[in-house]
Amino acid sequence: MKKVYERPQSLKKTPFRFCPGCGHGIAHRLIAQCIDELGIREKVVGIAPVGCAVFAYDYFNFDIIECAHGRPPAVATAIKRVSPETIVFSYQGDGDLAAIGTAEIIHAANRGENLSIFFMNNATYGMTGGQMAPTTLINQKTATCNKGRCITADGFPLNVVKLISTIKGVSYAARSSLAGAKNILQTKKHIRRVLENQINKKGFSFLEMLSPCPPVWGLTPLDSCKWIETEMSTVFKKGVYKDIEARKHS
Amino acid sequence: MTSKNVKTVEKILMKGNEAIAEAAINARCRFFAGYPITPQNEIPEYLSERMNQVGGVFIQSESEISAINMVFGASAAGVRSMTSSSSPGISLKQEGISFLCGAQLPCVIVNVQRGGPGLGNISGSQADYFQAVKGGGHGDYKLLVYAPYNVQEMWDLTMHAFDTSDKYRNPAMILVDGMLGQMMEPLSPTPYVVKNLPVKTWALTGCKDREPNVIRSTGCKDRKPNVIKSLYMGEGELERQNELLQEKYKKMKEVEVMYEEIDVEDADVIIVAFGFAARVALSAVRGLQRDGYKVGLFRPITLFPFPMRQIHRLAGGKRKFLSIEMNAGQMVEDVRLSVNGRSDVFFYGRPGGAIMTAEEISEVIIKCFENKLEPHLF
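Residues numbered from 1 in each chain as written. Chains lettered and ligands numbered in written order. Predicted model: local features only at pLDDT ≥ 70, side-chain atom pairs only at ≥ 80, totals over all residues. Heavy atoms only, no water.

## Comments concerning a negative patch on the surface
A cluster of acidic residues, B:Glu239, B:Glu243, B:Glu247 and B:Glu254, forms a negative patch at the surface. On the accessibility criterion, B:Glu239 (54% relative accessible area) is exposed. (Patch = residues over 30% accessible without salt bridge, like charges linked within 9 Å, V, L, I, M, F, W, Y side chains within 5 Å. Areas by Shrake-Rupley, 256 points an atom, 1.4 Å probe, with all protein chains shown as cover. Salt bridge = Lys/Arg side-chain N within 4 Å of Asp/Glu carboxyl O. Lys, Arg positive; Asp, Glu negative; His and termini not counted. Charge placed at Lys NZ, Arg CZ, Asp CG, Glu CD. Buried < 20%, exposed > 50% of the residue type's maximum accessible area, 1.4 Å probe, protein only.)

## Side note on the sheet that holds strand E7 (residues 171-177) of chain B
Note: strands within a sheet are paired through backbone hydrogen bonds, in either parallel or antiparallel orientation. All names here are of chain B. The mixed open sheet is built from seven strands, whose spatial order is E3-E2-E4-E5-E7-E6-E13. On the outer flanks of this sheet lie strand E3 (57-60) and strand E13 (302-304), each paired with one strand and no other. Taking each pair of neighbouring strands and ignoring which way they run, the sheet shows an average axis angle of 20°. Bridge count between strand E6 (residues 144-146) and E13: two bridges; the pairing is antiparallel. Opposite Tyr146, over in E13, you have Thr302 as the bridge partner. (Pairing = 2+ DSSP bridges. Helix = DSSP H or I, 4+ residues; strand = E, 2+ residues; numbered from the N terminus. Axes fitted to C-alpha atoms, helices over the stretch in contact; angles between N-to-C directions.)

## Things to note about the domain arrangement of chain B
Residues and elements named next belong to chain B. If you check the domain split of chain B, you get domain 1 (12-187) and domain 2 (259-369). Taking the mean C-alpha position of each, domain 1 and domain 2 sit 26 Å from one another. Summing both partners gives a buried area of about 2300 Å² for domain 1 against domain 2, and 57% of it is carried by carbon and sulfur. Of all residues in domain 1, Gln126, Tyr129 and Tyr149 give up the largest surface area on contact with domain 2, accounting jointly for 35% of the area buried on that side. Between domain 1 and domain 2 we count three salt bridges in total. When contributions to the side of domain 1 that touches domain 2 are tallied by element, the ones reaching two or more residues are helix H6 (129-133), E6, helix H7 (151-168), E7 and helix H8 (178-182). Taken together, the residues of the side of domain 1 that touches domain 2 break down into 16 nonpolar, eight polar and six charged. (Domains from an automatic or database assignment. Buried area = accessible area lost by both parts, 1.4 Å probe. Nonpolar A, V, L, I, M, F, W, Y, C, P; charged D, E, K, R; others polar.)

Printed below as a string of structure tokens:
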């Protein structure tokens, strides 16, 4: 009998401990599959964030470093610069990348570091219990804005991928979602591209993934996927925001 | 200022900050990240050119926080790494320093101290003693802290710091001040001798194009993937990790203490001073000795591990200790802990970036002899 589906070698045999319906397990699996397909597992150095994905080193089966909140782009920059033969990616949440680590991500992008960045946007701080994130939608209720995010006090949801795409040093910037099979398959293509770009020395490549967080959102996993499609995706529009390769071809 | 000159000229005239930078290159440091701040700017300026000449990496980072985290990354990749700053910038680096200690990653951090607190001023100061030796960041950790007192020692101790940092997998700090950083002195650029240090089997990177004396492997081929982390969530896991760190610090206390004693054996008053203050104190001591005073100088070179046993051995009887510092009284607490009540301990200091003169110190020492000083108590 021919084996048509199996656990990627880039994932350990550790069961995921994420909440039911969480997007992290899906994103981990997709990244692991792409790394296997590209045959780069033995060259990869992954950077785990602070937040729900901090335990990435329990799941990924390749070299991993865990670092301070928001600092993965600085750590990634140095690893890639001192050993250019490695494939370095950071995996960061919205608090990590879009709040405390804004300076690090903007300047790594601006230097055009040859890195792969995976940005998980679930519109909240999941690990700490659902506080307001820079990406929390207007009127979305959280533990630190229980009447809903108010623009006068809390500002607007930060459109990170759009911001990143305006920076000259960036090679590729896209946003996709993890809500449902169709979106997941699309996301996988982006992940592969973000990694391929680094292999081909194309420079800074960035993928934002809209990711469900059912317990914090107070929704079922199914309704969470619907919420991504009907609410989140209207504020954070999916698509390729920048692709310098595409421009060359057209 | 090329390596060629460094090798062929017996003595060269060099600025303290540049001596640290060139010594780092000599010690095979191949990564530097930093951010401009006075009075340490010569270090990144020098290395921005020199690193490229030796095939290393120089990055001017967007912040001090980013610089220390870049050092975290480069060190994890197995490369000797350094960052430098001055007091306010070192405060920003404390997060990264705590993480480096937690993850047991080696590196060298240079603090060319200026006056504080806050933005303070840009004069030389020793007000970051507590921050350097007592922690600074969060958690139970220690840095190896070296306090050179001339340009020659800035050269020698920088190279030494890279070795001990690698030996213990722990960050080391070169604690100097604006005066030492900016002054030029003749220096014998002693060559770096490659030490027999543990191979960095834990490094998270490939082995191509590296120094041949350090063996590294690519990714996780043929071995268990390495994990460098500072998060220990399991029951008792973090306590065990902390005990491991404490064992390491205990070992440092046993074998890494460095100090200099000048005429302490028959001294009635022993001056304790480090770094720039020790230079001024030494001038005062020499002058007073000519006038017949039995005074000596004890100069800690490592501030952690502090030469506690050595000072304790000297304490007792009517002998007095006088701690002289460019701050409001920081190292004096460690002098008192070392003396442990066996002698009276006195303090004289100038905070806020003020620098004392030898005449000023001489007067204080004479007062100490004449019992006109109040002991440093409570």
